Amino acid sequence: MFKTYLPLVLAGAAAAATTLESWDLRSRAHDSGSHCTPYFMAFNSTTPHSKFERDFDPLSPPGSYSLDPDGLKLFLDKPDGKIVRKGRTNSKIADGATFNSTFTVRYGKVTYSFDGPAVPGVVTAAILLAPDRDETPDRDETPDRDETPDRDETPDRDETPDRDETPDRDEIDIELLGGDPSHWQTNVFAPAPSEDQPLYSAFSSVQTYPHNPKSVASTHSYAIDWSPERIVWSVDGTQVRTLLKADTMKNGVLHYPSHPSRLQFGIWDASEEEGTSEWAHGPIDWDTAPKRMAAVFSSIQVECPY
């Protein structure tokens, strides 16, 4: 979960006008049918810039990322001025680079190959994030692996819901915590409008690396294999966790992601909130951390077995 979504989920119950019963009916209506087109892009010197710009939309300003021969680099830069630490928080928070795909996937296998800085307080995330529950993009928004739609056929950035306006979106996470470099984490969120707080730890899990090198700072291929009945996470081809739909029942409601989702990936500073910073082993110690850190993404692949 990216840091900017924490207040979103907290606001979800207050913002939700839909009753639990109608929400359940709408969720069941979405339970059948996949929305997936095979896709692959390697980030290197051969990457077509026009295709990259059509398929992935930066949520951060120019200069916060770089498409280089050795990968797509997402930067996290030290804030200007004096940074004061208070408890487990910093007085200034670094802005990191984040990308959204301009296409969506509903049920499929998404593989991100990337690494992240092994620095406490830094989080590198690769997730699937559903737009607003009422926004179901057409299949035509998903680019073909060999033929990317023209710019006017691809959703504009304005069509991507603002994060502050969508508090109750499905989410499937892969997270690398720089303060725990020998592990990585998985999680899902599918909040119900009746809930007055997010189920942060209900479906979270800490994973190990079955193969060397066992570090978030090394490039690994992380996969989310999402079907209508279960989610399987794997790393470097080895399955490490399975979450069944039936096991997401909490408080009489299923919390299983079931809506078309964008691919979102980025790097962020977890030093702002006490609880978040503690989870990320923060805050960032800018006296010892590099002034510029980078998460490097090598490729993204979407497979469609469902």
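A quick note: this is a predicted structure, and the numbers were derived from the prediction, not measured. (Residues numbered from 1 in each chain as written. Predicted model: local features only at pLDDT ≥ 70, side-chain atom pairs only at ≥ 80, totals over all residues. Heavy atoms only, no water.)

Some details on the overall build of the protein chain
Piece 1. When helices and strands are tallied, the protein chain shows 5 helices and 19 strands.
Piece 2. By residue count, 53% of the 306 residues in the protein chain fall in the buried class.
Piece 3. Summarising the internal contacts of the protein chain: among those between residues at least 6 apart in sequence, 78% fall at separations of at least 24.
Piece 4. Total accessible area on the protein chain stands at roughly 13,200 Å², and carbon and sulfur atoms take up 47% of it. (Helix = DSSP H or I, 4+ residues; strand = E, 2+ residues; numbered from the N terminus. Buried < 20%, exposed > 50% of the residue type's maximum accessible area, 1.4 Å probe, protein only. Contact = heavy atoms within 4.5 Å. Areas by Shrake-Rupley, 256 points an atom, 1.4 Å probe, with all protein chains shown as cover.)

Describing the pairing of strand β8 (residues 108-115)
Piece 1. Burial of β8 is extensive: 7 of the 8 residues sit out of reach of the surface.
Piece 2. As paired elements, β8 and strand β13 (residues 220-226) share 7 bridges and run antiparallel to each other. Its bridge partner being in β13, Tyr112 is matched across the sheet by Tyr222.
Piece 3. Here β8 runs beside strand β19 (residues 292-303); their pairing, made up of 7 bridges, is antiparallel. Considered in β19, the bridge of Val110 is made with Val302. (Pairing = 2+ DSSP bridges.)

Re the pattern of salt bridges
Piece 1. Under the counting rule described, the total for this entry stands at 5 salt bridges.
Piece 2. The partner of Arg230 in a salt bridge is Asp225, with the nearest N and O atoms 3.4 Å apart.
Piece 3. By relative accessible area, Asp225 is classed as buried at 14%. (Salt bridge = Lys/Arg side-chain N within 4 Å of Asp/Glu carboxyl O.)

Some words on the pairing of strand β4 (residues 71-77)
Moving residue by residue along a regular strand, the side chains alternate between the two faces of the sheet.
Piece 1. β4 sits mainly inside the fold: 5 of its 7 residues count as buried.
Piece 2. As judged from the 4 bridges shared by strand β3 (residues 65-68) and β4, these two strands associate in the antiparallel manner. For Ser66, the partnering residue across the bridge sits in β4 and is Lys73.
Piece 3. Connecting β3 to the antiparallel partner β4 that follows it, the hairpin turn spans 2 residues.

Topic: the sheet that holds strand β7 (residues 98-105)
Piece 1. Reading across from one edge, β2-β7-β18-β9-β10-β11-β12 is the order of the 7 strands in this open sheet, with antiparallel pairing throughout. Looking at which strands have only one partner, the edges of the open sheet turn out to be β2 (56-58) and β12 (205-208). Strand-to-strand twist across the sheet, computed as the mean angle between neighbouring axes with direction ignored, equals 20°.
Piece 2. With 5 bridges connecting them, β7 and strand β18 (residues 261-269) associate as antiparallel partners. (Axes fitted to C-alpha atoms, helices over the stretch in contact; angles between N-to-C directions.)

Considerations on the packing of aromatic side chains
Piece 1. Scanning the entire structure with this criterion turns up 20 aromatic pairs.
Piece 2. Ring centres 6.1 Å apart and planes at 40° place the aromatic pair Phe52 and Phe56 in the tilted group.
Piece 3. Residue classification places Phe52 among the buried positions, given a relative accessible area of 5%.
Piece 4. Across from the ring centre of Phe75, 3.9 Å away, lies the NZ or CZ of Arg292, which sits over that ring. (Phe/Tyr/Trp six-rings, centres within 6.5 Å; stacked < 30°, edge-to-face > 60°. Lys NZ or Arg CZ within 6 Å of the ring centre and 35° of its normal.)

Some words on the confidence of the model for the protein chain
Piece 1. Counting all residues, the mean pLDDT for the protein chain is 83, and 77% of those residues have values of 70 or more.
Piece 2. Contacts from residues 4-31, a stretch scored under 50 in pLDDT, to residues over four places away or in other chains number 57 contacts.
Piece 3. Low pLDDT (under 50) marks residues 134-167, which in the prediction has 78 contacts with non-local residues, meaning those over four places away or in another chain. (pLDDT = per-residue confidence, 0-100.)

Topic: the nonpolar core
Piece 1. Grouped together as the largest cluster of nonpolar side chains are 50 residues, with contacts concentrated most on Phe56, Tyr112, Phe265 and Phe297.
Piece 2. The element contributing the most residues to this core is β19, with 5 residues.
Piece 3. Sequence-distant contacts of Tyr112, that is, excluding residues within four places in its chain, are made with Ala126, Ile127, Leu128, His220, Ser221, Tyr222, Leu263, Gln264, Phe265, Phe297, Ser299 and Ile300.
Piece 4. Formed by 8 residues, the second largest nonpolar core is a distinct cluster that contains Val123, Ala125, Ile127 and Trp268. (Core = buried A, V, L, I, M, F, W, Y, C linked by side-chain atoms within 4.5 Å.)

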